Amino acid sequence: MDLDYNPSRKSLIKNKWVATVASIWIQCTSGSLYTFSIYSPVLKSSQGYDQSTLNTISVFKDLGANTGILSGLLYSTTVRGGRRGPWVVLLAGAAQCFLGYFLMWLTVTQVLPRPPVAVMCLYMLLAAHAMTFFNTANVVTGVHNFQNYAGTIVGIMKGFLGLGGAILILVYQTIFKDKPSSYLLMLAFLPTISSLLFMGFVRIYKSNEENEKRYLNSFSFLAVLLASYLTAVIIVDNILKLRLSIRVFTFVVLVLLLVSPVFVAIDAQREKSYRMIKSLLEHNQVTDDREDMTQIRQNEVSNGADQGTETSDDTLRRGDDLNLLQATCTISFWFLFITTACGMGSGLATVNNLAQIGGSLGYTNLEIDTLVSLWSIWNFLGRFGAGYISDYFLHAKGWPRPLFIAITLAAMSMGYVMVAFGFPGALYAGSVLVGVCYGSQWSLMPTIASEIFGKVHMGTIFNTITIAGPVGSYVLSVRIIGYFYDREASDNGKTCIGNHCFKLSFIIMASVTFLGSLFALALFFRTRNFYKHVILRRLLYSQRWSGLLEDTE
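Residues numbered from 1 in each chain as written. Predicted model: local features only at pLDDT ≥ 70, side-chain atom pairs only at ≥ 80, totals over all residues. Heavy atoms only, no water.

Caption draft 1: Quick look at the overall build of the protein. Each helix and strand in the protein was counted, giving 21 helices and 0 strands. A buried classification covers 54% of the 553 residues belonging to the protein. For the protein, restricting intrachain contacts to residue pairs at least 6 apart in sequence, the fraction spanning at least 24 positions comes to 85%. Carbon and sulfur atoms make up 64% of the accessible area of the protein, which amounts to about 22,800 Å² in all. (Helix = DSSP H or I, 4+ residues; strand = E, 2+ residues; numbered from the N terminus. Buried < 20%, exposed > 50% of the residue type's maximum accessible area, 1.4 Å probe, protein only. Contact = heavy atoms within 4.5 Å. Areas by Shrake-Rupley, 256 points an atom, 1.4 Å probe, with all protein chains shown as cover.)

Below you can see the structure in the form of structure tokens.
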């Protein structure tokens, strides 16, 4: 602790709480990947594409969004030199986002001549790839800033990203209703401007403060409140078709909700300043106790390190920060890769075919639109809830985090079985279960990767594992769902109506996710000693001495 601390000299905007708010705002404008259906019709009509060509462009969207190795490498390289890494990554993402969407807008509005399909795929790849830079910078910085609550902060960041699609759609419906080409221009500018404005605040602050959980819970509450609000707006709008004046009102409320995290940051910094002043008044006592406590902590950490080596997994050693090559040489990496292919791959395949599934089961257009719109909400609940709940049970019960991947994949399998047999309302219940469990993988996998392989190369490692998502999606979408749908529809032209259209496909996906659950269970047994002797002891030390050994940056 800096005993010469003076609140008047301390910048109120250079702290981990302001960094978190800045990351939240960037995440909220980075959900364009979930809004492809808004501008895909104008992309198709203006360029004369058929559905197959449009699907090819969509594949490049998924490829760019799930190939974040470069963003991870850039983050790891730049952060080593100090605190300047995150803004460099965000700047690179902003440049790609602007170029990708702006070139698409110029093409759609015929300012540029119609390009070859391969060039349009490149535009889409560039725009989608930008999102991995935004996501890596915000998620990895959050994990560095809140090491004791990695699951919670990853859930918050991934959750706001999941809500980003619904937020952008609400902005579009208020300002650019029925103007999808203008929406492309908005996507070129809004995420770019947001990143340029706030990237300077996103920094690493290696400190453990008191009551971190309290203020993270406040961010979590605001995220749930925002999700509830967006859910209500989506449902009411799909039923009643809101007028422009009502849309403007809902937009104003949305802006107020997005501003509210600032007050959490102010409150957190105010309490920190109060604690610092109080500590100054107890200067002598703090100094004496601090020396004694520091020595005790060093002794206990030394003992803990010795005990930590008792784990049977020789790739999981205390203090190891593995690089990508080292991580890929471990069994744990490939267990995570397989579970990601099963969970994220099947989830992507589901959302890409959700409208067609609803049509085959006889759902109305309104019901299908509602299902598609609410998918981002279920996705958010999974992203946020899995991080928060796994953190709670890790701290309170000592449950290793891989156990929750096993649980969610098993539940996901049950959701697919429900959809496969087509009971009345099964698609509603099944989409909720699958959406929540799919979203949970996005917060559990990066957090587990940071705990097992270390935080230094976390961005590179978890982005490499994420590649399993589109790989699994391609196999399940094209080789399973597409094949069986076309086979069932062969007698009725190109359209298939009835439960049989997707029944076998969903039974196969249920089996795939159950297999992923078994691999996650194997990862749980493989790492449980590591969590017991390393992760839990590390959390115990950090929480026990955070009040006396707080680094005030």
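From this point, the narrative continues.
Caption draft 2: Examining the packing of aromatic side chains more closely. Scanning the model with the defined rule gives 32 aromatic pairs in all. The interplanar angle of 35° and the centroid separation of 5.2 Å between the aromatic rings of Y485 and F502 together place this pair among those described as tilted. Taken together, the residues Y485 in helix 20 (residues 468-489) and F502 in helix 21 (residues 500-545) connect sequence positions 17 residues apart. With respect to burial, Y485 and F502 carry one shared label: buried. Members of the aromatic cluster, connected to one another through ring pairs, are F36, Y39, Y101, Y172 and Y183. Above the plane of the ring of F146 lies K16, whose end atom (NZ or CZ) is 4.7 Å from the centre. In this structure, K213 packs its charged tip against the face of Y388, placed 4.3 Å from the ring centre. (Phe/Tyr/Trp six-rings, centres within 6.5 Å; stacked < 30°, edge-to-face > 60°. Lys NZ or Arg CZ within 6 Å of the ring centre and 35° of its normal.)

Caption draft 3: Region of interest: the nonpolar core. Judged by nonpolar contacts, the single largest core of 143 residues is most densely connected at Y39, Y101, L226, L230 and F453. At 14 residues, the largest contribution of residues to this core is made by helix 6 (residues 117-145). The residues touching L230, leaving out its near neighbours within four places in the chain, are L163, A166, I167, L170, L254 and I377. (Core = buried A, V, L, I, M, F, W, Y, C linked by side-chain atoms within 4.5 Å.)

Caption draft 4: Local environment of helix 2 (residues 36-47). Its 12 residues place the ends of helix 2 16 Å apart at the C-alpha level, agreeing with the 16 Å of an ideal helix rising 1.5 Å per residue. The set of residues buried in helix 2 consists of F36, Y39, S40, V42, L43 and Q47. Remark: G48 follows helix 2 within two positions and exhibits a positive phi of approximately 70°. (Expected span 1.5 Å × (residues − 1).)

Caption draft 5: Summary view of the pattern of salt bridges. One pass over the structure, following the stated rule, counts 8 salt bridges. Taking the shortest distance from any N to any O, the salt bridge between K16 and E212 comes out at 2.7 Å. With K16 in helix 1 (residues 16-28) and E212 in helix 9 (residues 212-240), this residue pair connects regions lying 196 residues apart in the sequence. Take K16 and E212: they sit in the same class, and that class is buried. A salt bridge links E451 to R401, with the nearest nitrogen and oxygen atoms 2.6 Å apart. Of this pair, E451 sits in helix 18 (residues 426-453) while R401 sits in the loop between helix 16 (365-396) and helix 17 (402-421); the two residues are 50 residues apart in sequence, bridging distant segments of the chain. Here the two residues E451 and R401 agree in accessibility, since each one is buried. Put simply, R214, D267, R270 and E271 are held in one network by salt bridges that share partners. (Salt bridge = Lys/Arg side-chain N within 4 Å of Asp/Glu carboxyl O.)

Caption draft 6: Local environment of the packing of helix 14 (residues 331-352) against helix 18. In contact at an axis separation of 9 Å, helix 14 and helix 18 are set at 160° when each is read in the N-to-C sense. Taken as axis vectors, helix 14 and helix 18 run roughly antiparallel relative to one another. The interaxial crossing formed by helix 14 with helix 18 has left-handed handedness. Counted together, S332, F333, L336, T340, G343, M344, G347, L348 and T350 of helix 14 and V434, Y438, Q441, W442, M445, I448, A449, I452 and F453 of helix 18 form the full contact between these two elements. By residue class, the composition of the contact of helix 14 with helix 18 is 12 nonpolar, 6 polar and no charged. (Axes fitted to C-alpha atoms, helices over the stretch in contact; angles between N-to-C directions. Parallel < 35°, antiparallel > 145°, perpendicular 65-115°, else oblique. Left-handed = near helix turned anticlockwise from the far one by under 90°. Nonpolar A, V, L, I, M, F, W, Y, C, P; charged D, E, K, R; others polar.)

Caption draft 7: Representation of the state of the cysteines. Within the structure shown, the criterion is met by 1 disulfide. Paired by a disulfide, C496 and C501 hold their sulfur atoms 2.0 Å apart. An S-S torsion of about -90° defines the bridge between C496 and C501 as left-handed. Taking relative accessible area as the criterion, C496 reaches 1% and is therefore assigned buried. (Disulfide = S-S within 2.5 Å.)

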